[in-house]
Amino acid sequence: RVSCKWKHCPLDRWQTAWLELQRFCFGAQLGTFETLGGFAEAVHTAFADRARLANETPPSTAVALEAALGALGSLGYPFHRSVAPLGEQPGIGGRPGRFALLAALRVLVSQRLLPGTKVLPVGSFAWGVDTLGSDLDVVLVAPGGGEVEPEALYLLADIFVSSATASAPDSAWAPPPVPPVPQLLQGATAVLRGRGSGYPVLTIRAIVDGEPLSADVCCAGQLGSIRDAVLFRHMIAQAPELATGLRLLKRWLRARAMPTSCEGGYPQVFWMRLAARTFQQARSAGASGNASCGGDVAGSIQVAHEAIQASAHGASEEEAQWARSLGGCDTGRAESEELICRRLRSFCKSWSVSLPAWGDVLNLTGEDPVPALKRLAIGVYGATTLLCLMELRYMAKEGEPEMQPLSTHQHMCPAAPGFWAAFLIPTGSEAEGAARPAGHDAEVVAAYVWKCSGPLESVRQCVCNSCCEPRAASVAPAGAEVARLGEDGGQAFLSRRETDWLLWARISRSAASALALGHGGDAGRGVSGADGRWEQPMGLSPSHFVTLLPGDPASSLVAATALRRLQDLLAEPEIAASLPAPYPLYRFSRRAMMESRRTLAGEAE
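The present account deals with the structure reproduced in this document. For clarity, every value in this text was computed on a predicted model and none was experimentally measured.

Focus: the sheet that holds strand β6 (residues 413-414)
Within a sheet, adjacent strands bond to each other through the backbone by hydrogen bonds, running parallel or antiparallel.
Right, so step 1: Strand order in this open sheet of three strands is β6-β11-β9, and the pairing throughout is antiparallel. In the strand order of this sheet, the two ends are held by β6 and β9 (460-461), each with one partner.
Right, so step 2: Where β9 lies against strand β11 (residues 492-494), two bridges are found, and the strand directions are antiparallel. Bridge pairing in β11 places R460 opposite F493.

So, the pattern of salt bridges
Right, so step 1: Scanning the entire structure with this criterion turns up 15 salt bridges.
Right, so step 2: Between R13 and E41 there is a salt bridge whose closest N-O contact spans 3.2 Å. In this pair, R13 is assigned in helix α1 (residues 13-27) and E41 in helix α2 (residues 36-48), connecting sequence segments 28 residues apart.

Digging into the packing of α1 against helix α4 (residues 59-73)
Right, so step 1: Contact pair α1 / α4: the axes reach a minimum separation of 13 Å and the direction vectors enclose 70°. Taken as axis vectors, α1 and α4 run roughly perpendicular relative to one another. Touching W18, Q22, C25 and F26 of α1 are T61, A62 and L65, all from α4.
Right, so step 2: Class assignment of the residues belonging to the contact of α1 with α4 gives a composition of five nonpolar, two polar and no charged.

So, the environment of Q111
Right, so step 1: As for its placement among the helices and strands, Q111 is situated in helix α5 (residues 95-112).
Right, so step 2: Put simply, Q111 and P179 are 68 residues apart on the chain and 6.8 Å apart in space, counted from C-alpha to C-alpha.
Right, so step 3: Every residue in contact with Q111, bar those within four places of it in the chain, is listed here: P179, P180 and P182.

Observations concerning unusual backbone geometry
Right, so step 1: The phi angle at D209 is positive, at roughly 55°, despite the residue not being glycine.
Right, so step 2: Mapped onto the secondary structure, D209 falls in the loop between β4 (201-208) and β5 (211-218).
Right, so step 3: Even without glycine at this site, Y586 takes up a positive phi of about 60°.
Right, so step 4: Looking at where Y586 falls in the secondary structure, it is placed in the loop between α19 (573-578) and α20 (590-604).

Details of the sheet that holds strand β7 (residues 419-426)
Right, so step 1: On the basis of which strands lie adjacent, the open sheet formed by five strands has the order β13-β12-β8-β7-β14 and antiparallel pairing. Pairing within the sheet leaves two strands with one partner each, and these edge strands are β13 (538-540) and β14 (545-549). Geometrically, the sheet is characterised by an average inter-axis angle of 45° between neighbouring strands, direction not taken into account.
Right, so step 2: One ladder, built from four bridges, connects β7 with β14; its direction is antiparallel. Residue pairing for β14: A422 is matched across the bridge by T547.

What counts, and at which threshold
Residues numbered from 1 in each chain as written. Predicted model: local features only at pLDDT ≥ 70, side-chain atom pairs only at ≥ 80, totals over all residues. Heavy atoms only, no water. Pairing = 2+ DSSP bridges. Helix = DSSP H or I, 4+ residues; strand = E, 2+ residues; numbered from the N terminus. Salt bridge = Lys/Arg side-chain N within 4 Å of Asp/Glu carboxyl O. Axes fitted to C-alpha atoms, helices over the stretch in contact; angles between N-to-C directions. Parallel < 35°, antiparallel > 145°, perpendicular 65-115°, else oblique. Contact = heavy atoms within 4.5 Å. Nonpolar A, V, L, I, M, F, W, Y, C, P; charged D, E, K, R; others polar.

This is a description of form; function is not addressed.
Okay, structure coming up:
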């Protein structure tokens, strides 16, 4: 247009490629490239012309981006034409086992899927911040760089079924056998979730060098995961000490059994972005001469990181790798350990007051605040956030270099009835689903769940180490195999975001105040509800679930203490003002009502 206010300048091929890389990596415009192949071609075009790269780009950005792409190139990403792989060597702490598991998956995919299908790591393993117990997250990429159809995961799941039931052919005319499953995957278990949803995930559990490892294989949303890998590698290239803090935070979150995205909690990328952004803000404050706590945090982490690396040179290679993997903890270097732990605890203290809410943008320094970054906290209601705030407050406590580990199942919502738990339920107008005023009306109550109803395909199986002991190869696709989850040893649980299940519970409000009344005389009354202190049975949702309790608070001091701790936290004005709305009562899906009706009809018969 003649009257356009913008100045129009023609761009050559190199300028277009560099602009596309900036849009994709730092603008989160995933539509810039249709496939991974298009992204790789832009990388080749931009980094092949070294003269223009040095003269027309910010030096720090170009160097860090090349380091990020080189690190991913060593993991199999197709950037080798113009970016040399860094040749990253596997460390210890489970990382060599994940490299071996990745290699076995690539062999399996090359044998059973279309030739040229790639298996690329994403998540913490691709970022270089995986720790002991981390999963291996991978995406399947079709020949040419496009997305793989979901049927590919169904085929891989069927392979584990057939390998477990395969027998020798009884006829000379039998068809030739398919290539055997790689030795490392023989005896592995596979759980397929989301069949028919368009976003299935295949979890493969294998024993590598005596240690259980799991891999989550998916085929959708690959460009978003790849973009996150590039972005985090870029940040770590600019500030290597950031990797130390991220690894330590991951260990703490795992030790305190913080709900994962599979369990209905915040996704891993939420915590990693929150930590990285807090670190960047503190680092920026320190660089500008701000004498606040934030500047001291950043400088201390940098000093501690350098101390860890320097002290590692005087130790054995195994100890040095262990120090780098764990960020200085468990290495005997008390000063560096205390420094990093103390500064990370200060971050947890600030997060324990308020977490990013629905619609808050978790963009990093140099990253555009795009709408996609507003969705990381969506779907997490007040009950889950309250639990996270309680655990963050525990992480912020001084005096303990290591987190006291909890049972992996402590914060899982069981799919089987017969348990005591704390629930966050709305009161007043919020109980009917009305808009939440400032300082919401909600309360934490103890309830005994005596019945559960819902579709079986929504039940999930825990794949922690205690649930996945070495056993014969088997697969548990969602729905059909749910009935044998207990036989397989996996804890059956429900996602906190599940809306198709009803938890029939009895709530005793007097039990919620048992600690204040004391533990003699009336403290043991009301366990059976015979004294009339039980409320009428009511239907709750997994979104109301906070955490399990060891028993009835009216008769258990431990349960009453845990319940009171949550109630006191909710009573703090800052917490009440920042907490997301509790999930409304009486908001049941049609499917939940149908399943409940079917369950009650079956009991009547």
